Amino acid sequence: MKKILLIIALVLSLAACKNRGGESKVPNLRDELTIGGLSDDKWTYFSFESGEVVGQSTFASEEEDAAWAARKDWDLAICGEYLKTNGGSSGDGAGGIQRDKENTFQSLEEAPLEGYLADTLFIVK
């Protein structure tokens, strides 16, 4: 089973958590987060609000991508080396990503209010 440790600015989806509930909150997660079930041919969708994987879809499936884009119950999706957030070209949510060079996830007390980037569409050939 493939796993990934996400210590990389877990800030990346805190904006989505803030916008959904209207208030800024840091999810109640452990010091490290391990997401199991990752694969190179399936997107694995994760919710910071629930702290769980909420589903998977086939990589490059237009039909499945469209269905997930309409959902708001996920924040981050991982497939191999690719990441997408529920915002921008990947979803109707308010997700975005930001690199924070000054804080670790453990030291972050409040998610920044601005400076997030939405993901953009790429073509797989």
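These figures come from a predicted structure and were not determined experimentally. (Residues numbered from 1 in each chain as written. Predicted model: local features only at pLDDT ≥ 70, side-chain atom pairs only at ≥ 80, totals over all residues. Heavy atoms only, no water.)

Some points on the overall build of the chain
In step 1: Counting secondary structure elements, the chain contains 2 helices and 6 strands.
In step 2: Out of the 125 residues belonging to the chain, those deemed buried represent 39%.
In step 3: The long-range share in the chain, meaning contacts at least 24 apart out of those at least 6 apart in sequence, stands at 52%.
In step 4: Of the roughly 7,500 Å² of accessible surface on the chain, 48% is carried by carbon and sulfur atoms. (Helix = DSSP H or I, 4+ residues; strand = E, 2+ residues; numbered from the N terminus. Buried < 20%, exposed > 50% of the residue type's maximum accessible area, 1.4 Å probe, protein only. Contact = heavy atoms within 4.5 Å. Areas by Shrake-Rupley, 256 points an atom, 1.4 Å probe, with all protein chains shown as cover.)

Topic: the confidence of the model for the chain
In step 1: Looking at the chain as a whole, its pLDDT mean stands at 77, while 71% of the residues score no less than 70.
In step 2: Residue range residues 1-20 is modelled with pLDDT below 50. Its contacts to residues more than four positions away, or to other chains, number 68 contacts. (pLDDT = per-residue confidence, 0-100.)

Comments concerning the environment of Y82
In step 1: Here Y82 lies in strand 6 (residues 82-85).
In step 2: Spatially, the C-alpha atom of Y82 lies 8.8 Å from that of W43, the residues being 39 residues apart in sequence.

A word on the sheet that holds strand 4 (residues 52-58)
Paired through backbone hydrogen bonds, the strands of a sheet run either parallel or antiparallel to each other.
In step 1: Taken in spatial order, the 4 strands make up an open sheet running 4-3-5-6, and their pairing is antiparallel. On the outer flanks of this sheet lie strand 4 and strand 6, each paired with one strand and no other. Ignoring which end each strand starts from, the neighbouring axes of this sheet average 25° apart.
In step 2: Across 4 bridges, strand 5 (residues 76-79) lies against strand 6 in antiparallel orientation. (Pairing = 2+ DSSP bridges. Axes fitted to C-alpha atoms, helices over the stretch in contact; angles between N-to-C directions.)

Brief notes about the packing of aromatic side chains
Aromatic rings considered in pairs are described by the distance between their centres and by the relative angle of their planes.
In step 1: Here the structure, examined in full by the defined rule, presents 5 aromatic pairs.
In step 2: A centroid spacing of 5.8 Å and a plane angle of 40° characterise the contact between W43 and F59, whose relative ring orientation is tilted. Remark: F59 occurs in the loop between strand 4 and helix 2 (62-69) and W43 occurs in strand 3 (residues 42-47); sequence separation between them is 16 residues.
In step 3: Aromatic pair F59 and Y82: ring centres 5.5 Å apart, planes at 20°, arrangement stacked. Placement of the pair is F59 in the loop between strand 4 and helix 2 and Y82 in strand 6, with a sequence separation of 23 residues. (Phe/Tyr/Trp six-rings, centres within 6.5 Å; stacked < 30°, edge-to-face > 60°.)

Quick notes on unusual backbone geometry
In step 1: Residue A60 is not a glycine yet carries a positive backbone phi of 65°.
In step 2: Looking at where A60 falls in the secondary structure, it is placed in the loop between strand 4 and helix 2.
In step 3: Judged by relative accessible area, A60 falls into the partly exposed class, the value being 48%.

Considerations on the pattern of salt bridges
In step 1: Applying the stated criterion to the full structure yields 2 salt bridges.
In step 2: The salt bridge involving K84 is made with D65; its shortest N-O contact spans 3.5 Å. You can see K84 sitting in strand 6 and its partner D65 sitting in helix 2, a full 19 residues away along the chain.
In step 3: Classification of K84 as buried rests on a relative accessible area of 8%.
In step 4: D73 is the partner of R71 in a salt bridge, and the nearest nitrogen-oxygen pair spans 2.5 Å.
In step 5: Of the residues examined, D73 reaches a relative accessible area of 32% and is grouped as partly exposed. (Salt bridge = Lys/Arg side-chain N within 4 Å of Asp/Glu carboxyl O.)

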